[in-house]
Amino acid sequence: MKRIGISADSSCDLSAEIAEQYGITVIPQAIIMEGRTYRDGIELKPADIFRHVSAGGEICSTTAINTAEYCGAFTELRKECGALIHFTIGSALSSCYQNAVLAAEEVPGVTVVDSMNLTTGIGYLAVAAAKMAEAGMEPEAIATKLENLKTCMDVSFVIDKLDYLRKGGRCSAVTAFGANLLNIRPSISVRDGELAVDRKYRGSFRQCVRKYIGERLDAVQGRCVPDVIFLTHAACPEAVVVEARELIRSRGIFSEILVTEAGCTVSSHCGPNTLGIIFAVKS
């Protein structure tokens, strides 16, 4: 039996390899496509969503993991560990956190952490918790450190086109048309647990990615926690990902660059050609 188990919603966007390496259990969120519900990453992949929308289908929607599902998952996981720490997508973005807290009241030994984040902003915290547990820290001490760490996360991404946000009702058709016509690609970041537009880049997606990475790292120069940075993307061309990784590597800041692909939650809202960098800054 493990001393401390770590789990996270599938919106953490950790690859199967990373999750296995750190012993993190991923609980799938629900994706609704054409009225049918699928489990994120198990019954539905981002490529399925992109094909569906490209063929003229409606945009997919996401729903929170309900309390009963959390209860079932927590109960099974607690059979394998002395205590469990679970990470949800930010409470301002979904009701997952509230549902998980209710479930934790029914299952002893479960600590639920509101990540105040999405994608590998959640994954970063889960990996950090796994490392703390491996180092012998107690659950209460880990939870205390996480409360500080989650406020130090720098999470942002740049979107190629606003078509998915438009179809999902998150921006107007006029805004999306104008942005696409003028080659405007917005950079969106997480601020205090909510999403906000940071910058608007112009040019090809590849050019915008270069500008975005350069400006994002310049803005926090000297304040980055130099252990790991996540480079997370949704169906970006390999050449763009390789160049982005090289740009980060050339800065010589981070000891590890982890490249992951966004799951269905991010993909269904942002669409293909979305790329973000996620790291921590010193408090």
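Predicted model, so just to flag it, every value in this text is computed and none were measured. (Residues numbered from 1 in each chain as written. Predicted model: local features only at pLDDT ≥ 70, side-chain atom pairs only at ≥ 80, totals over all residues. Heavy atoms only, no water.)

Undergrad: Can you walk me through the pairing of strand β6 (residues 81-88) in this structure?
TA: Consecutive side chains along a regular strand alternate between the two faces of the sheet. Among the 8 residues that make up β6, 7 are buried, leaving the element largely enclosed by the rest of the structure. Across 6 bridges, strand β1 (residues 2-9) lies against β6 in parallel orientation. Its bridge partner being in β6, K2 is matched across the sheet by C81. Here β6 runs beside strand β7 (residues 110-114); their pairing, made up of 5 bridges, is parallel. In the sheet register, I85 faces β7, and the bridge partner there is T111. For the handedness criterion, the β-α-β arrangement of β6, helix α4 (residues 96-106) and β7 is classed as right-handed. (Buried < 20%, exposed > 50% of the residue type's maximum accessible area, 1.4 Å probe, protein only. Helix = DSSP H or I, 4+ residues; strand = E, 2+ residues; numbered from the N terminus. Pairing = 2+ DSSP bridges. Right-handed = clockwise from strand over helix to strand, strands pointing away.)

Undergrad: Would you mind showing me how to read the nonpolar core here?
TA: Taken as a class, soluble globular proteins show a tendency for nonpolar side chains to be buried jointly. Counting 68 residues, the largest nonpolar core has I6, I49, F74, F87 and L146 as the members making the most contacts within it. Discounting residues that sit within four places of it in the chain, L146 has contacts with I85, F87, V113, L125, A129 and M132. Residues I213, I229, L231 and F279 belong to the second largest nonpolar core, which totals 24 residues. (Core = buried A, V, L, I, M, F, W, Y, C linked by side-chain atoms within 4.5 Å. Contact = heavy atoms within 4.5 Å.)

Undergrad: Can you walk me through empty space enclosed by the protein in this structure?
TA: Over the atoms a probe the size of a water molecule is rolled, and this reveals where empty space is left. Within this structure, the stated rule accounts for 1 cavity of 30 Å³ or more. In this structure, the largest cavity spans a volume of roughly 80 Å³. Looking at the largest cavity, the residues that line it are T119, S156, F157, T232, H233, A234, A262, V266, T274, L275, G276 and I278. Listing elements by their share of the lining of the largest cavity, those giving two or more residues are β8 (153-159), β11 (228-234) and β13 (274-280). Looking at the lining of the largest cavity element by element, the count peaks at 4 residues for β13. (1 Å grid on protein atoms, 1.4 Å probe; cavity = no way out; pocket = protein on both sides within 12 Å on 5 of 7 lines; lining within 4 Å. Points joined across faces, edges and corners; volume = space filled by probe spheres on them.)

Undergrad: Hey, could you run me through the sheet that holds strand β5 (residues 61-63) in this one?
TA: Strand pairing in a sheet relies on backbone hydrogen bonds. The paired strands run either parallel or antiparallel. Reading across the sheet, the 3 strands line up as β4-β3-β5 and stay open at both edges, with antiparallel pairing between neighbours. Edge positions in the sheet fall to β4 (36-39) and β5, since each has one partner strand and no second. Between one strand axis and the next, the sheet turns through 35° on average, direction left out of account. Across 3 bridges, strand β3 (residues 30-33) lies against β5 in antiparallel orientation. Considered in β5, the bridge of A30 is made with T63. (Axes fitted to C-alpha atoms, helices over the stretch in contact; angles between N-to-C directions.)

Undergrad: Looking at this model, I keep getting lost on the environment of A239. Mind explaining?
TA: In this fold, A239 is placed in helix α10 (residues 238-251). Taking the C-alpha atoms as reference, A239 lies 28 Å from L195; in sequence the two are 44 residues apart.

Undergrad: Explain helix α6 (residues 139-149) to me, please; I cannot follow it from the model alone.
TA: Every α-helix carries 3.6 residues per turn, so stepping three or four residues along brings you back to the same face. Every buried residue belonging to α6 is among P139, I142, A143, L146 and L149, and all of these are buried. The arc enclosing the buried residues of α6, seen along the axis, measures out at 120°, which places them on a common side. Residues E140 and T144 are exposed on α6 and point more than 90 degrees away from its buried face. Packing partners of the buried residues in α6 comprise β1, β6, β7, α5 (120-134), β8 and β13. (Arc of directions from axis to C-beta.)

Undergrad: Please clarify how the confidence of the model for the chain should be interpreted in this entry.
TA: Do not read the predicted coordinates in detail wherever pLDDT is low. Per-residue confidence for the chain averages 91 on the pLDDT scale, and 93% of its residues sit at or above 70. For residues 167-182, every residue scores under 50 in pLDDT, and the model assigns this stretch 20 contacts once sequence neighbours within four places are set aside. (pLDDT = per-residue confidence, 0-100.)

Undergrad: Help me understand the sheet that holds β1, please; the structure alone is not making it clear to me.
TA: Pairing is parallel across the open sheet formed by 4 strands, whose spatial order is β2-β1-β6-β7. The sheet is open, and its two borders are formed by β2 (24-27) and β7, each paired with just one other strand. Strand-to-strand twist in this sheet, taken as the mean axis angle between neighbours without regard to direction, amounts to 25°. Most of the contacts of helix α3 (residues 67-78) go to β6, to which it runs at about 145°, and overall it touches β1, β2, β6 and β7. Against the sheet, α5 contacts β1, β2 and β6, and its axis sits at roughly 180° relative to β1.

Undergrad: Could you clarify how one ought to interpret the packing of aromatic side chains in this entry?
TA: The tally for this structure, following the rule as stated, stands at 3 aromatic pairs. Aromatic pair F254 and F279: ring centres 5.6 Å apart, planes at 55°, arrangement tilted. Placement of the pair is F254 in the loop between α10 and β12 (256-261) and F279 in strand β13, with a sequence separation of 25 residues. (Phe/Tyr/Trp six-rings, centres within 6.5 Å; stacked < 30°, edge-to-face > 60°.)

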